[in-house]
Each structure stands twice: as C-alpha cells, then as structure tokens.
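Coordinate analysis (summary)
Each chain is listed here by its residues.
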Amino acid sequence: MGVAARIALLLGIAALLWLERKRPLRKPVERGAKRLARNLALGAVTAATVAGIERPIVTRASRIAVERGWGLLPKLAVPIPLKTAIALALMDYTLYWWHMLLHRVPALWRTHQPHHTDRDLDSSTALRFHFTEFLASIPWRCAQIVLIGVGQRTLSMWQALTFAEVLFHHSNLRLPRGLEHALAWIVVTPRLHGIHHSFVREERDSNFSSGLTIWDRLHGTARFDIGRDEVEIGAREGNQLQDVTLSKTLALPFERT
Ligand SMILES: [Zn+2]
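Residues numbered from 1 in each chain as written. Predicted model: local features only at pLDDT ≥ 70, side-chain atom pairs only at ≥ 80, totals over all residues. Heavy atoms only, no water.

Overview of helix α6 (residues 152–170)
Here α6 is 19 residues long and its end C-alpha atoms lie 27 Å apart, about the 27 Å a rise of 1.5 Å per residue gives. Turning to α6, its buried residues are T154, L155, W158, Q159, A160, T162, E165, V166, L167, F168, H169 and H170. (Helix = DSSP H or I, 4+ residues; strand = E, 2+ residues; numbered from the N terminus. Expected span 1.5 Å × (residues − 1). Buried < 20%, exposed > 50% of the residue type's maximum accessible area, 1.4 Å probe, protein only.)

The following block contains the structure:
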C-alpha cells in the first residue's frame, strides 16, 4: 500500500472513531474502558499471528501462483484494471463462503464465536478476532489466491479494502436511514452487520457478506430488517458480561462442550 493510501486509511479510521461517538447507533451494554482494552488485546494477539504466520504463507502462495501462471486471472484476456476488479470481487465472494462456513461448521464456529460474544458492536469489534480463526483460514486463503490467481498488489489492495470495510460495518455509526439504505445496495453497512451479530440464531444466520452485499442477495441470506428497533448483540441469549472476560474469550475455542 502506498503512503497516500495509508494516510487516507488512517484519516478514515480517525473520522470513523470520532463519528461513532458523536452519532451512536446502539446504546452500550458494557460501559467503560475494560471492553475496549479487551478487544485491543485480542486484536493484538491476532495481529501478531497474522504478521508472523498468516501473511508470510499467503504472500508466498501469491508469489508462486503468479510465477507459475496459476488460477483464473492469467487466462482472462481483459485489460488490467478489469482484471483487478474481477480479482477483488472474487476474493470478496469467496470470503462470503468462508464466513458462512465459520458459522455452519461447528469446529470453525468455535474459532469465530469469540468475535460474536462481544455484547456491543463498534469499530473495536472489528479487531476482536480470535487468533485460531486466522490460523484456520490459512488453507482457505491460499486456495482463494491460487485458484483466482491473485498477485501481490491486488492482494494488498483487497486486504486494505476489506479491513476498511470491516471497520466501517462493525462501527456504531448512526447513518441517516436514506443514506444507509442506498449504501446497503452496494456495501455492508452498520445496521446490516448489526443483524448478523444478533443473538437470535435466524438473524445471525444472515448477512455473511464482508464487502459487497450482492453475495447475500444472490444466495438469499440478505436481511435488511428484523421488525423491531433494537438488535440484541451477542453470541447467544444469556451471553452474560462475566462470560466475556479476556481469559474466557481466549479459552473459548478450546472449551469442552
Ligand atoms: Zn460472523
């Protein structure tokens, strides 16, 4: 990512943090700095796992795929900007499938559940991922890269765009309804992703898209409304605040059921 893009991303994050405090969408369940510290700590462990293990492996997969001409993209005779757009869309689509698997396969849900046990939803939830989820995603990510044929530049672009969009749709930002409705035709918005974080199972089993909303509409998993004003955030009903401490969240994937 270039310096200008990095600065734009940082400014965007700062604006989002400021705006979600000025115009909150949901009332907080857990107040205070403890929750923020917990989410940052979980995010730091995951960031270290990504930097030390995930990134080197997926970068290598991308290099090998390009060197050997693997995947769909090298076979397409279209201009480079279009190729990049197709690659970004296909990475986003296959991420939709991965997210669905995280919810449907019990062993994978164990790794994704810590992300959902947060009783509130704001941009810090976007950092709250268990490191095991990222370890489990490595084979899938390598398959995405190799089958699509994604090069380094496009891969970093996709990673930056996905990160920005994940921060945005987890944020507690109350957008004007009309604007949000229009945006939701294209990308995942805070209200849409809030439904995915509901502790009501049928509501949680919707809105799996991370970037473009077309994938949910294509597969009938889109949900724009829940018929009530407030969505209760959490992994399950009775997901109590004492269950979401840092040590319990870290231990969650390894718990006996
Ligand atoms: Zn999820």
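As for the packing of aromatic side chains
Applying the stated criterion across every chain, the model contains 6 aromatic pairs. With 4.7 Å between their ring centres and 35° between their planes, Y93 and W215 make a pair best called tilted. Note that Y93 is positioned in helix α3 (residues 80–104) and W215 in helix α10 (residues 214–218), a separation of 122 residues in sequence. Residue W215 is classed as buried on the basis of its relative accessible area of 11%. (Phe/Tyr/Trp six-rings, centres within 6.5 Å; stacked < 30°, edge-to-face > 60°.)

Thoughts on the pattern of salt bridges
Throughout the structure, instances matching the rule amount to 9 salt bridges. Linking R21 and E20 is a salt bridge whose minimum nitrogen-to-oxygen distance equals 3.5 Å. Note that R35 is salt-bridged to D118, the shortest N-O span being 2.9 Å. Here D118 lies in the loop between α4 (106–116) and α5 (131–148) and R35 lies in helix α2 (residues 33–68), a separation of 83 residues in the sequence. As far as the burial class goes, R35 and D118 line up, both buried. Members of the salt-bridge network, linked through shared partners, are R35, D118 and D122. (Salt bridge = Lys/Arg side-chain N within 4 Å of Asp/Glu carboxyl O.)

Remarks on the coordination of the zinc ion
Here the zinc ion is held by H99 (NE2), H103 (NE2), H112 (NE2), H116 (NE2) and H196 (NE2), and the distances to it run 2.2 to 2.3 Å. All donors of the zinc ion belong to a single chain; written as a sequence motif, their spacing is H-x3-H-x8-H-x3-H-x79-H. Of this pair, H99 sits in helix α3 while H196 sits in helix α8 (residues 190–196), and the two are 97 residues apart along the sequence. (Donors = N, O, S within 2.8 Å, 3.2 Å for Na, K, Ca; no water.)

Digging into a nonpolar patch on the surface
Judged by side-chain polarity, W185, I186, L212, I214 and L218 come together as a nonpolar surface patch covering roughly 510 Å² of accessible area. The topology assignment puts W185 in the loop between α7 (177–183) and α8. (Patch = residues over 30% accessible without salt bridge, like charges linked within 9 Å, V, L, I, M, F, W, Y side chains within 5 Å. Areas by Shrake-Rupley, 256 points an atom, 1.4 Å probe, with all protein chains shown as cover.)

That's the geometry; what it means functionally is another story.
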